[in-house]
Structures are given as structure tokens and as C-alpha cells.
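Here's the letter readout for the chains.
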Amino acid sequence: MTHHVPVHPLVSPWGRFGLYSFFIDAPEPAIVDTGIASSPAEGMAPALEALGRRIEDVRWILLTHGHIDHLGGAHALWELTGRRAQVVIHEADAHLLRSRRAHVQQYLDVRQRYLHDPEGEAKQTATAAQVISGEMEPTVLVRGGETFSLGGGVTVSVHAIPGHTAGSVAYVIDGQDDVFVGDAVQVHGAANGFPGFEDPSSYRASLAHLRDLRPRHLYLGHPYRRPDGVPYGVELDREQAQEALEHSLDIEARVADAAHRYLQEGLQETDSAYSPFARVAEELGYQGDPTLEPSPFFTTLHGYREQLAEKL
Ligand SMILES: [Zn+2]
């Protein structure tokens, strides 16, 4: 048995939000997720200094998925380590690390179909330029099932948990059941108040997989909200983790039920901001602004629409 490896949340400011990364204080130190371009210098470096650690000593950059607020700081952090850290991402999300344009394309392929924003492409292009610190080739591509040694007998295993994105992964510190999931456990969603996932059936299967792991600690990418709107923290104990996973499964089932019913009746374009899913929003009582980025309402409902189209 190895000794217990400490984990420290690192918070980086972004407008009115805090972005969360996690420092695994192993002999070869690791950081899970990297915030945006400014996060390594403004959030992580001072936080590590306060812990008596140095950002240049980080040897593993473990990305849970390809969204900008998780990989935007990857290139900057890699530079701060003298390019000595391994940069790990699932192969299905790797294009989002290689290319800023891939983020714009993803927006055009899904959200823009519902948002119809004439400035949408320009806004997304500007955001990607500002928030992503650099385009790069990952040094390690994973698919799930891999194990890395962080030295001193500490190992981290990779679990594929697709759904939020195709390349979402969990990193598990072996033997102490600490599980880092990024955005794969949405409960009621974060600031937008709606759970965001691209592929509903994969999302559900991944939640069930995580529930079976029975994490001792579950580390989340944002303070996701409970059914009553009160957010969880980003570090959940075993009991809170099981509760958040059960709630996430329940909420997905409710959204699926409403989505399937109205999708089968046929979608109608209306003047509603929720169009063409206005009746789904109404049934679920969702009153958030569906146009606020990252527009989880449209990402998720589009996923059900695609899933149904495949069955027909
Ligand atoms: Zn995400």
C-alpha cells in the first residue's frame, strides 16, 4: 500500500465564474484540467506556491474533455513546465486541443442551428482566440483502460465516460477511489440551470458506471446544482457523490421522457427562444435563458433529436 496522495482544488477566476482544476500532489505532480489561457499564471501558480509547490514541477496535465474552459490553459501550463509535462486527452476530443477552429465548427454544427445568431461565428472565433492559450498535439492519447504511474507507487487509471462529450474521461487515483470527472455529472447543470450532454444514452451509461465505482471523493468541474437549485461544491464525499449520480440519472430520465414525447409528435418552429423545443422546456419548467453560452439546453435536446433520427 502506498500512502494517501493529497488532492487540492485550484480555482482560477474567469469573469463572474471560478474555473476548477485539481492538483494531485504525487512524486510526479499532476493537474486535472487547466481552465482558460490566463488560468495557469493567474490561478494555479499562486495557489501552488501557497502549497509550497512549483508549477514548473508538474509532470502530468490530465484533461477530462475538450471544452474550452477545461483545455484553454493546457498549452500555457505545458509551457510553464518547460514542455516536460505529458498532456493527456481522449482521442475523440483531441481535435479540440489541436485546433481552435474545431470549437467554432462544433458551435456551427449544433448550437447555431437553434440560436441563429448572425454574429455567432465571429463571437466564437474571438472567444477561441482569447481563451485557448495555444493549439497543440497531445503527448498521450487515451481511449479508456490506461494506467499511468505518477511515481512512488501512485497510479491513475483512465475510464471512458462519454456523453457530455464523446471524449470525456474520468481519472481515478487507484486505491483511494478519488475520481475526477470534469463535466460528466451534470445534475441540474451549472449556471444555465440545464444539464448539458451531447449523447443522451452514453451520458446515462457513464453515470451508471460512475455509480458502480462508488467514488470516495468525486471531483466536479463546476459547482453543479441540486434539484432545489443549491449548488454542490466541487469536492463531494461518498454520500454526496452517490446522491449527485442518482439525481443526474433521475433528471436525465425526466428530460428524455419529455423530449421523446414531443420529438415523436414532430417539432414546430415558433417565436419562442426555446424553439423548436418550446414544449419540452414548458413541460420541464425550464425558464433559463437558452441562448446563454454554452447553451446546454440546445446541445442536449439536439442530442435526443439525433438519437431519435438514428432509430427511424
Ligand atoms: Zn464541458
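Parameters and conventions
Along each chain, numbering runs from 1 in the same order as the chain's sequence is written. With the structure being a predicted model, the display of local features is reserved for residues of pLDDT at least 70 and the display and counting of side-chain atom pairs for 80 or more, all residues being used for whole-chain, interface and lining totals. A run of DSSP states H or I qualifies as a helix once it reaches four residues; a run of E qualifies as a strand once it reaches two. Both are numbered from the N-terminal end. We call two residues in contact if the C-beta atoms placed from their backbones are at most 7 Å apart. Being paired, for any two strands, means DSSP has found at least two bridges between them. Axis lines are fitted through C-alpha atoms, for helices just across the contact stretch, and the angle between N-to-C directions can take any value from 0 to 180 degrees. A set of buried residues qualifies as a nonpolar core if it consists of Ala, Val, Leu, Ile, Met, Phe, Trp, Tyr and Cys joined through C-beta atoms within 7 Å. Exposure classification rests on a simple neighbour count of other C-beta atoms within 10 Å of a residue's own: a residue reaching 20 or more is buried, one at 12 or fewer is exposed, and one in between is partly exposed. C-beta atoms are placed from the backbone. Any angle from 65 to 115 degrees is called roughly perpendicular, while one under 35 is roughly parallel, one over 145 is roughly antiparallel, and all others are oblique. Left-handed is the label given to a crossing in which the near helix is rotated counterclockwise from the far helix by less than a right angle, and right-handed is the label when the rotation is clockwise. Residue polarity follows a fixed list, in which Ala, Val, Leu, Ile, Met, Phe, Trp, Tyr, Cys and Pro are nonpolar, Asp, Glu, Lys and Arg are charged, and the others, Gly among them, are polar.

Novice: How would you summarise the environment of isoleucine 132 if you had to cite specific residues and measurements?
Specialist: Note that isoleucine 132 resides in the loop between helix H7 (120–131) and strand E6 (140–142). Considered as a pair, isoleucine 132 and isoleucine 36 are 96 residues apart in the sequence and their alpha carbons are 6.1 Å apart. What isoleucine 132 contacts, discounting residues up to four positions off in sequence, is Ala37, Ile68, Gly72 and Arg100.

Novice: Lay out the sheet that holds E6 in plain terms, naming residues and giving numbers.
Specialist: Spatial strand order, E1-E2-E3-E4-E5-E6: six strands in an open sheet with mixed pairing. Of all strands in the sheet, those with a lone pairing partner are strand E1 (7–14) and E6, marking the two edges. Neighbour to neighbour, the strand axes of the sheet diverge by 25° on average, direction disregarded. Of the pairings in the sheet, the one linking strand E5 (residues 86–90) to E6 comprises three bridges and is parallel in character. Its bridge partner lying in E6, valine 88 is registered against valine 140.

Novice: An account of the sheet that holds strand E11 (residues 217–220) is needed here, citing residue identities and associated values.
Specialist: The strand order E7-E8-E9-E10-E11-E12 describes an open sheet built from six strands, whose pairing is mixed. The sheet terminates laterally at strand E7 (147–149) and strand E12 (235–237), the two strands that pair on one side only. Ignoring which end each strand starts from, the neighbouring axes of this sheet average 20° apart. As paired strands, strand E10 (residues 178–182) and E11 are joined by four bridges and run parallel to one another. Following the sheet pairing, glycine 182 is matched in E11 by leucine 220.

Novice: Please set out the nonpolar core residue by residue, giving values where relevant.
Specialist: Where a protein is soluble and globular, its nonpolar side chains tend to be buried together. By size, the foremost hydrophobic cluster in this structure holds 71 residues, and its most contacted members are Ala30, Ile61, Ala170, Val181 and Val185. Sequence-distant contacts of valine 181, that is, excluding residues within four places in its chain, are made with Thr64, Ile161, Ala170, Leu210, Leu218, Tyr219 and Leu220. Counting 14 residues, the second largest nonpolar core, distinct from the first, contains Tyr114, Phe194, Val280 and Phe298.

Novice: Account for unusual backbone geometry, naming residues and giving values.
Specialist: With omega at 5°, the peptide bond leading from serine 275 into proline 276 counts as cis. Examined against the element boundaries, proline 276 turns out to sit in the loop between helix H9 (238–265) and helix H10 (278–284). Residue aspartate 177 is not a glycine yet carries a positive backbone phi of 55°. Along the chain, the position of aspartate 177 falls in the loop between strand E9 (169–173) and E10. Exposure remark for aspartate 177: the 15 C-beta atoms within 10 Å place this residue in the partly exposed category. Phi at serine 295 takes a positive value of approximately 50°, unusual for a residue other than glycine. Residue placement: serine 295 occurs in the loop between H10 and helix H11 (296–311).

Novice: So what's going on with the packing of helix H8 (residues 200–213) against H9? Which residues, and what values?
Specialist: Between H8 and H9, the least distance of the axes is 10 Å, while the angle of their chain directions is 160°. Judged on the interaxial angle alone, H9 and H8 are roughly antiparallel. H8 and H9 meet at a crossing whose hand is left-handed. Together, Pro200, Tyr203, Arg204, Leu207, Leu210 and Arg211 of H8 and Gln242, Leu245, Ser248, Leu249, Glu252 and Ala256 of H9 make up the contact between the two elements. Of the residues contributing to the contact of H8 with H9, the split by class is seven nonpolar, two polar and three charged.

Novice: Break down the pairing of strand E8 (residues 155–160) for me, with residues and values.
Specialist: Pairing between E7 and E8: three bridges, direction antiparallel. Bridge pairing in E8 links phenylalanine 148 to valine 156. The turn linking E7 back onto E8 is made up of five residues, and glycine 151 within it adopts a positive phi angle of 85°.

Just geometry here; none of it tells us what the structure is for.
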